[in-house]
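Each chain, written out:
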Amino acid sequence: MSNAVNTRELAVELLMSMEKDEGFSSDLIRGTLNKYDYLDRRDKAFLKRLAEGCLEKQLYLDFILNQYSNTPVKKMKPFIRALLRSSLYQILFMEQVPDRAVVNEAVKLAGKRGFVNLKGFVNGVLRKTASAKEDGTLPAPSTENLTEFWSVTHSIPAWLIEKWRQELVDETTLKMLDAFEKPQPVTIRLREFMSETERQELLSQMEEQGAEITPHPYLPYAYCLTRLEGVHHLPGYSQGLFAVQDASSMLCVEAANIHPGDFILDVCAAPGGKACLAADKTGPEGKVLARDVSDIKLSAVEENAGRLQLDNLNVQLWDAAVFDKTMEEKADAVLADLPCSGLGILGKKQDIRYHVTPESLQELQQLQRQILAAAVRYVKPGGTLIYSTCTIDPLENEDNRTYIIEELGLHPESITESLPESLRRESAKDGYIQLIPGQDNCDGFFISRFRKPVNQSARVTLQNPDLHNSGSER
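Residues numbered from 1 in each chain as written. Predicted model: local features only at pLDDT ≥ 70, side-chain atom pairs only at ≥ 80, totals over all residues. Heavy atoms only, no water.

Some details on the packing of aromatic side chains
Phase 1: Here the structure, examined in full by the defined rule, presents 8 aromatic pairs.
Phase 2: Pairing Tyr89 with Phe93 gives two aromatic rings, centres 5.0 Å apart and planes at 35°, and the pair type is tilted. With Tyr89 and Phe93 both in helix H5 (residues 78-93) and 4 residues apart, this pair spans about one turn of that helix.
Phase 3: Measuring from centroid to centroid gives 5.9 Å for Tyr432 and Phe446, while their planes differ by 35°, and the two rings are tilted. Note that Tyr432 is positioned in strand S11 (residues 432-435) and Phe446 in strand S12 (residues 445-451), a separation of 14 residues in sequence. (Phe/Tyr/Trp six-rings, centres within 6.5 Å; stacked < 30°, edge-to-face > 60°. Helix = DSSP H or I, 4+ residues; strand = E, 2+ residues; numbered from the N terminus.)

Written as structure tokens, this is what we have:
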């Protein structure tokens, strides 16, 4: 591997940035790869896997390090902590890298960065772990406390494990934990205006480029792709013949039961998957208004809508927590896929597990209810509200569903007919479903549907009921 020392040092610096919470890990990794785009393709792949792997296995790595270090991981110098984590990951999970080379490079890096007095410490800890790996004597967490055992082996904080064990049966929890660690296929939806012949021709072209394709079990236009480095160069991408979107997100739009000519308001639209599918379903005679809180987020919506050539989709800068009087009772359906803890997508966004707290869940619920109180007022009498999140937290899901019914005055409506046969659970008759990774073939996702009464306004209380601003539509 060329430029090995440099690449390892970049990985350590990247891990330090992640720990300092300087941004989402995916953004930090992408930014580093773009900055050092001149690196060999193998070096960039090495850097990406090392950074992502250390994040995914962090609690397990720390458990092992704490067995061989007199200094607890939490009390180590940030650089040494990141150096040991990245080196241990290479020793335990990257067989193509010789253990001796990993240890030697780590010792050199410690000296290079001014930690000459800690070179012996780094050398000792890593040599002990490498030796234990070879001898098959690596320590394992005790199985007496199942919560702690799963916390270490799956690198998820113990309080989250305990929370899930209380809310789900252990078998479901373990399936979910295992699912978070499995490679995720890329899910795409083919545009519904394509004929079956056109679909099969496009899929064949993708397979010719090396993609392995399987139909998704939930939707006829959804497919799972593996063995590909990216989708941007696949046939049909630049022509807007398909979009990247998880099946759970597609099901969310299906639950809205959109008709041609409808006006759809998506209050938190980025990156635009639901808004774009809604625009396909409402057709050229309908309209979708996709809003979000920042220009950066809206640029992703615009990019997707432009590539898919959706002239009936407009974007608008708007804070969903602020009520817009000009939109009151204008929408046939409102899509409210709101900011949430993201616990249903831990397999895709590893750093979420280290930042979410019980307190943050409470704060998110308050934000969600503030947005919902505004969103229900945009629904026409007799219209539909879809409330969804990409989490598996009852506080953000079922509790907010009760809030919508009891405080905002909307009626739950069955989503059974919008779901594939395998997902038609009892809760779907009551208008909601909780999708769980490992149990279901998609992200962890909550979908609920409500109908606004025709002959009465929803009972909504806003702190500032007349507050509205002038969003810029484009």
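Overview of the sheet that holds strand S1 (residues 186-190)
Phase 1: Pairing in this open sheet of 4 strands is antiparallel, and the strands run S2-S3-S1-S4 from one edge to the other. At either end of the open sheet lies a strand with only one pairing partner, and these are strand S2 (212-215) and strand S4 (242-244). Each adjacent strand pair in this sheet contributes to an overall mean axis angle of 30°, direction not counted.
Phase 2: Across 4 bridges, the pairing between S2 and strand S3 (residues 222-226) is antiparallel. By the bridge assignment, Glu212 is partnered in S3 with Thr226. (Pairing = 2+ DSSP bridges. Axes fitted to C-alpha atoms, helices over the stretch in contact; angles between N-to-C directions.)

Some words on the packing of helix H9 (residues 158-167) against helix H10 (residues 170-181)
Phase 1: In the contact formed by H9 and H10, the axes pass within 8 Å of each other and the chain directions differ by 135°. Classified by the angle their axes make, H9 and H10 are oblique. Between H9 and H10 the crossing geometry is right-handed. Between H9 and H10, the residues in contact are Ile161, Trp164 and Arg165 and Asp170, Thr173, Met176, Leu177 and Phe180, respectively.
Phase 2: Taken together, the residues of the contact of H9 with H10 break down into 5 nonpolar, 1 polar and 2 charged. (Parallel < 35°, antiparallel > 145°, perpendicular 65-115°, else oblique. Left-handed = near helix turned anticlockwise from the far one by under 90°. Contact = heavy atoms within 4.5 Å. Nonpolar A, V, L, I, M, F, W, Y, C, P; charged D, E, K, R; others polar.)

Notes on helix H14 (residues 295-307)
Phase 1: With 13 residues, H14 should cover 18 Å at 1.5 Å per step; its first-to-last C-alpha distance of 18 Å lies within 8% of that length.
Phase 2: Tucked into the core, H14 has its buried residues touching S4, helix H13 (273-282), strand S6 (287-292) and strand S7 (313-317).
Phase 3: Downstream of H14 by one or two residues, Gln309 has phi in the positive range, about 55°. (Expected span 1.5 Å × (residues − 1).)

A few points about the pattern of salt bridges
Phase 1: Tallied over the full model, the rule gives 34 salt bridges.
Phase 2: Among the salt bridges present, the one from Glu19 reaches Arg81, with a minimum N-O distance of 3.0 Å. One end of the pair, Glu19, is in helix H1 (residues 4-19); the other, Arg81, is in helix H5, and 62 residues separate them in sequence.
Phase 3: A relative accessible area of 9% places Arg81 in the buried class.
Phase 4: Note that Glu19 is salt-bridged to Arg85, the shortest N-O span being 3.3 Å. Residue Glu19 is located in helix H1, and its partner Arg85 is located in helix H5; the two are separated by 66 residues in the primary sequence. (Salt bridge = Lys/Arg side-chain N within 4 Å of Asp/Glu carboxyl O. Buried < 20%, exposed > 50% of the residue type's maximum accessible area, 1.4 Å probe, protein only.)

Some points on the environment of Lys57
Phase 1: Here Lys57 lies in the loop between helix H3 (41-56) and helix H4 (58-68).
Phase 2: Residue classification places Lys57 among the buried positions, given a relative accessible area of 17%.
Phase 3: With 32 residues separating them in the primary sequence, Lys57 and Tyr89 have C-alpha atoms 8.0 Å apart.
Phase 4: Those residues in contact with Lys57, other than ones at most four positions away along the chain, are Tyr89, Phe93, Ser155 and Glu181.

Let's talk about the side chain of Asn400
Phase 1: Relative to the helices and strands, Asn400 is located in helix H17 (residues 398-406).
Phase 2: Relative accessible area serves as the criterion here: at 0%, Asn400 is assigned to the buried category.
Phase 3: Reaching out from Asn400, the side chain makes a polar contact with the backbone oxygen of Glu396 at a distance of 3.0 Å.
Phase 4: For Asn400, the residues in contact, after removing those within four places along its chain, are Gln365, Gln368, Arg369, Leu372, Tyr387 and Leu395. (Polar contact = N/O pair within 3.5 Å; in protein donor to acceptor, adjacent residues only side chain to side chain.)

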